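Residues per chain, in single letters:
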Amino acid sequence: LGGTKMGCYDSTKSELRALGWEEGPALVFTASIITGFAVTVTTSPATNARTMIMASPKGTYSGLFGCMAAIVRHQGPLGLFRGFAAQWARFGPYALVQFTVWEALRIVCGF
């Protein structure tokens, strides 16, 4: 989660600046929302498997990867991303607030 979030935010900001975007709220907003999307893509399969494991009787799944395989077998690959919009609705605003504060602190600290 952390590696995806920080790496994606930094890379996205760099790419947007290379495309001519200037430092400011629009850059932070766009990079944050893209980062929230990337975090959702990378964490959704494990989040869904964890939820299935916790909601099932003990021993139903052999572990995280066994559960993910069962999801793919029964629901197809898109089953790993079930509830994606709700998860993005959580990570998008979180990333936006986090990186807005991060950038404000960076400026206040003189970096």
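Every value quoted in this text rests on a predicted model; they were computed, and no experiment measured them.

**Q** What's the story with the pattern of salt bridges in this structure? I'm lost.
**A** Pairs may arise between side chains of opposite charge once their charged atoms sit close together. Enumeration according to the criterion identifies five salt bridges in this entry. Here Arg-17 ties to Glu-23 by a salt bridge, and the two come within 3.2 Å at their closest N and O atoms. Owing to a relative accessible area of 42%, Glu-23 belongs among the partly exposed residues under this scheme. Between Glu-23 and Arg-106 there is a salt bridge, and its shortest N-O distance comes to 3.4 Å. Here Arg-106 lies in helix 4 (residues 84-108) and Glu-23 lies in the loop between helix 1 (2-18) and helix 2 (25-55), a separation of 83 residues in the sequence. Among the charged side chains, a salt-bridge network with shared partners connects Lys-13, Arg-17, Glu-23, Glu-103 and Arg-106.

**Q** I keep staring at the packing of helix 2 against helix 3 (residues 64-75) and nothing clicks. Help me out?
**A** Running from N to C, helix 2 and helix 3 cross one another at 100 degrees; their axes reach a closest spacing of 9 Å. It follows that helix 2 is roughly perpendicular to helix 3 by the angle criterion. Residue-level contacts link Pro-45, Ala-46, Asn-48, Ala-49, Arg-50, Met-52 and Ile-53 of helix 2 to Leu-64, Cys-67, Met-68 and Ile-71 of helix 3.

**Q** Explanation requested: helix 4 in the structure shown.
**A** Note on helix geometry: an α-helix contains 3.6 residues per turn, so any two residues three or four positions apart are oriented the same way. For helix 4, built from 25 residues, the straight-helix expectation of 36 Å at 1.5 Å per residue is met to within 8% by its first-to-last C-alpha distance of 35 Å. For helix 4, the complete set of buried residues consists of Phe-84, Gln-87, Phe-91, Gly-92, Ala-95, Phe-99 and Glu-103. Close packing links the buried residues of helix 4 with helix 1 and helix 2. Following helix 4 by one or two positions, Gly-110 adopts a phi angle in the positive range, close to 85 degrees.

Reading the values: rules and limits
- Residues numbered from 1 in each chain as written.
- Predicted model: local features only at pLDDT ≥ 70, side-chain atom pairs only at ≥ 80, totals over all residues.
- Heavy atoms only, no water.
- Salt bridge = Lys/Arg side-chain N within 4 Å of Asp/Glu carboxyl O.
- Buried < 20%, exposed > 50% of the residue type's maximum accessible area, 1.4 Å probe, protein only.
- Helix = DSSP H or I, 4+ residues; strand = E, 2+ residues; numbered from the N terminus.
- Axes fitted to C-alpha atoms, helices over the stretch in contact; angles between N-to-C directions.
- Parallel < 35°, antiparallel > 145°, perpendicular 65-115°, else oblique.
- Contact = heavy atoms within 4.5 Å.
- Expected span 1.5 Å × (residues − 1).

Geometric descriptors of this kind do not, in isolation, establish any biological role.
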